[in-house]
Amino acid sequence: MTEPVSGPLARDRALLVFCAVAVAFAAVDTYVVVLALPDMMAGVGIPVDELQRAAPIVSGFLLGYVAMLPLIGRIADLRGQVPVLAMSLVLFSIGSLVTAVSYDLPSMVAGRFLQGVGGGGLVPATMSLVAALYPVERRGLPLGLVSAVQEFGSVLGPLFGALVLSFTTWRGIFAINLAGGAVLLVSVTVLARSHRSSGAGREEPATGAARRLPTALTRPVALVLLAVTTGAGLITFIQPSSLQRDLTWGQLFIPYVDGGNRWITPIGVTTIVAFVALSLWCWFLPRALVDLRGWLDHLLAADLLGAALLALTLGGIVLAFATADPEVAVFSPQGPWFLAGSGIALVLLLLHLRRADDPIVPRGALRATPAWGSLVVSFLVGWALIAALVDIPLFARTTTERESQLGAALVLLRFLAALPVGAIVGGWLLRRVNAGVLTAAGMAAAGVSFLVMAQWDATSLDGFASNLPLVLGGFGFGLALAPVNAAILASTDDDAHGLASALVVVARMVGMLVGISALTTIGLRRLYAAQEDDPSLSILELGIVQEHSVFVGAAVAAFAAGVLALVLFARANTRGVDTAEVLHAAG
């Protein structure tokens, strides 16, 4: 592995701060639909009592977030972290705009998908940037800080949604996302001009027509085409009633074909033509606005076929579990088909990885035990974590007067508030404590907290003592985040850090999807068994039985993650210590 730079400059630290803020901003968007989903459904004509039809709004975001992460991480390794960060913010902003002006379910899902791709891409690029700026022994604290702001975003997400909904509609949430993404994009772009990390932000020399046409000419034309595309596109999406009723301007909205949709109207066709012209302009003139040809070259270099097979593998898992009804089965009725497709894609991917000259997962990249071990541990961490995020507020709503979402969220807030604190402490301790020991300690604390929750009764949340397992559990999960990330970064080559960081996030997200379906199904089956054994049990008592089963299952996953981390991370050199020298000195 190449030796990293000794330390970041002030401008590099400022860049990392803005990247961390962007990660938090995207994390907020992950949870912001919790309260806004009913209004979003109404906005695209879906009745509130047909919640299953809204599943693509959630699964579309998850699909973009999870399935595209490995490709984005690999591109970050090839092109540099900063260009990927900037492009992720562009996609996140475009997705926010499309969601804000969406008029039907497909347009809303498309917007959420782009948000997922952009928001997810920020995480591996930022983690890789930490590895590029800091030597091994100094990565712990910045990794902990990035993990902390990411988790803090999950705390702010529902609160942010509630705040915005108190004075505007759900569209205002995504309008604010667009503004925030644009501000962060400008900030990162300005700081990137002086960024010195390897390969980041380098501009390819112009060739062909680009040499003959100066930037002073090509860029204004591109900006005009961009303005026409954006303006015409917004009018096509929104279709202002004042313009539609106007005798002159209303002709822009009349379809060319009877019964046609809004995209085959004069304004819709104008949008399409302007977009195609903009794409061609940027393709042949790389310095115009976006180097499309350069990005395509990097997509191909990142192994586009392998990325597609990996995306299909992950996408099948996401769709199988994200759309499941746990009361019926672990995965949705279409789940077996999704999983079958995922299995076929996985077989094809493994064959491709063996034969490709430069596969998306470089040969030997995950050979080290701490590298592949990080993925296993991250999967189990996600499995356990989702039980806290879902079932703590569910227990609160079941057993207390806190029947509102806000009351249940305030109970969960005690857990979530301790999580970023644990992440910072874990990052700080990483320079002094082995990653395996630190992860095991954190997951042991989380496991103990779940076992305590499994003893709660109907009145437990009324007492102050309930705060202890909530805080302990959140702190424990936070304590484990930075060591898992540090272990895989310390065990992979510098030119694979983006991919490695992406895979850790993917493993945790898949663990969360599989975990919530499996644990909820187990809990419900335990509920039905208890009801058969004693039909006199009340709904409250049955609900407690279900939640106890979930908490016990989460404790098992947490303890398993801790034990595996202790074993698999034993040789993870996260403190910059030469293991051979230590053994030689001890001998």
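Residues numbered from 1 in each chain as written. Predicted model: local features only at pLDDT ≥ 70, side-chain atom pairs only at ≥ 80, totals over all residues. Heavy atoms only, no water.

Concerning the overall build of the protein chain
The following threshold applies: Each helix is a run of H or I in the DSSP string that is no shorter than four residues. Each strand is a run of E no shorter than two, and both are numbered from the N terminus. When checking whether two residues touch, look at their non-hydrogen atoms; a contact exists if any pair is within 4.5 Å. In these tables, accessible area is a Shrake-Rupley quantity obtained with a 1.4 Å probe, and a residue counts as shielded only by the protein chains included in the view.
Each helix and strand in the protein chain was counted, giving 22 helices and zero strands. Long-range contacts, defined as pairs at least 24 residues apart, comprise 80% of the intrachain contacts of the protein chain with a sequence gap of at least 6. For the protein chain, the computed accessible surface area is about 25,700 Å², with 68% contributed by carbon and sulfur atoms.

Observations concerning the packing of helix α18 (residues 435–453) against helix α19 (residues 467–490)
Convention followed: Note on method: axes are straight lines fitted to C-alpha atoms, helices fitted across the in-contact stretch only, with angles between N-to-C directions ranging 0 to 180 degrees. Here the word oblique covers every angle except those under 35 degrees (roughly parallel), over 145 (roughly antiparallel) and from 65 to 115 (roughly perpendicular). For any helix crossing, the convention is left-handed if the near helix is rotated counterclockwise from the far helix by under a right angle, and right-handed if that rotation is clockwise. Side-chain classes are defined by residue name, with Ala, Val, Leu, Ile, Met, Phe, Trp, Tyr, Cys and Pro counting as nonpolar, Asp, Glu, Lys and Arg as charged, and the others, Gly among them, as polar.
The interhelical angle for the contact between α18 and α19, taken along N-to-C directions, is 155°, at an axis separation of 7 Å. In terms of orientation, α18 lies roughly antiparallel with respect to α19. Crossing handedness for the pair α18 and α19: left-handed. In the contact of α18 with α19, the residues fall into 18 nonpolar, five polar and no charged.

Some points on the packing of helix α3 (residues 55–67) against helix α20 (residues 497–533)
Running from N to C, α3 and α20 point in directions that differ by 145°, and their axes come no closer than 9 Å. Between α3 and α20, the contacting residues are L62, Y65 and V66 on the first element and V505, V506, M509, V510 and L513 on the second. When its residues are assigned to classes, the contact of α3 with α20 shows eight nonpolar, no polar and no charged.

Details of the pattern of salt bridges
Oppositely charged side chains may form a pair once their charged atoms are brought near each other. Heads up, the condition is: Any carboxyl oxygen of Asp or Glu within 4 Å of a side-chain nitrogen of Lys or Arg constitutes a salt bridge here. A simple rule labels every residue: compare its accessible area, found with a 1.4 Å probe on the protein chains alone, to the largest value its type can have, and call it buried under 20%, exposed over 50%, or partly exposed in between.
Inspection of the entire model under this criterion finds two salt bridges. The partner of R74 in a salt bridge is D77, with the nearest N and O atoms 3.9 Å apart. One end of the pair, R74, and the other, D77, are both in helix α4 (residues 69–79), three residues apart, so they sit about a helical turn from each other. Across the pair, D77 and R74 agree in class, each one buried. Put simply, D358 and R74 hold a salt bridge, and the shortest N to O gap is 3.7 Å. Highlighted residues: D358 in the loop between α15 (335–355) and α16 (369–399) and R74 in helix α4, separated in sequence by 284 residues. For D358, a relative accessible area of 41% puts it in the partly exposed group. Accessibility expressed as a relative area gives 5% for R74, which makes it buried.

A look at unusual backbone geometry
Negative phi is the rule for most residues except glycine; trans is the rule for most peptide bonds. With a phi close to 50°, Q239 is a non-glycine residue in the positive phi region. Topologically, Q239 is positioned in the loop between α10 (215–238) and α11 (241–245).

Re helix α8 (residues 170–192)
Where we set the bar: Expected span, for any helix, means 1.5 Å times one less than how many residues it has.
Spanning 23 residues, α8 covers 33 Å between terminal C-alpha atoms, matching the ideal 33 Å at 1.5 Å per step. Within the sequence span of α8, burial applies to W170, G172, I173, F174, N177, G180, G181, L184, S187, V188, L191 and A192.

Looking at the nonpolar core
Short version of the rule: Only buried residues count toward a nonpolar core. Its members are Ala, Val, Leu, Ile, Met, Phe, Trp, Tyr and Cys residues joined through side-chain atoms within 4.5 Å.
Ranked by internal contacts, the top residues of the largest apolar core, which has 121 residues, are I392, F415, F450, F477 and F569. By residue number, the principal contributor to this core is α20, which donates 16 residues. If you look at the next biggest cluster of nonpolar residues, it comprises 18 residues, including V32, A100, I173 and F174.

A few points about the packing of aromatic side chains
Put simply, the rule is: Here is the rule: rings of Phe, Tyr and Trp (six-membered ring for Trp) pair when centre to centre is within 6.5 Å. Planes less than 30 degrees apart are stacked, more than 60 are edge-to-face, and the remainder are tilted.
Scanning all chains against the criterion turns up 12 aromatic pairs. Both rings, one in F237 and one in W263, keep their centres 5.5 Å apart while their planes meet at 80°; by these two values the pair is edge-to-face. A residue pair is termed long-range when its members are at least 10 positions apart, and F237 in helix α10 and W263 in the loop between α11 and α12 (266–284) qualify at 26 residues. Taking the relative accessible area as the measure of exposure, F237 reaches 15% and is therefore buried.

Observations concerning a negative patch on the surface
Note the threshold: Every patch collects residues that have over 30% relative accessible area and no salt bridge, joining them within 9 Å if they carry like charges and within 5 Å if they are nonpolar side chains (Val, Leu, Ile, Met, Phe, Trp, Tyr). We treat Lys and Arg as the positive residues and Asp and Glu as the negative residues; His and chain ends play no part in the count. To locate a charge, the coordinates of NZ of Lys, CZ of Arg, CG of Asp or CD of Glu are taken.
A surface patch of like charges, here negative, comprises E532, D533, D534 and E541. By secondary structure assignment, the location of D533 is in helix α20. For D533, a relative accessible area of 66% corresponds to the exposed category.

Structural notes on the side chain of Q239
Residue classification places Q239 among the buried residues on the basis of a relative accessible area of 17%. Setting aside anything within four residues of it in sequence, one finds Q239 in contact with L234, Q244, F253 and R262.

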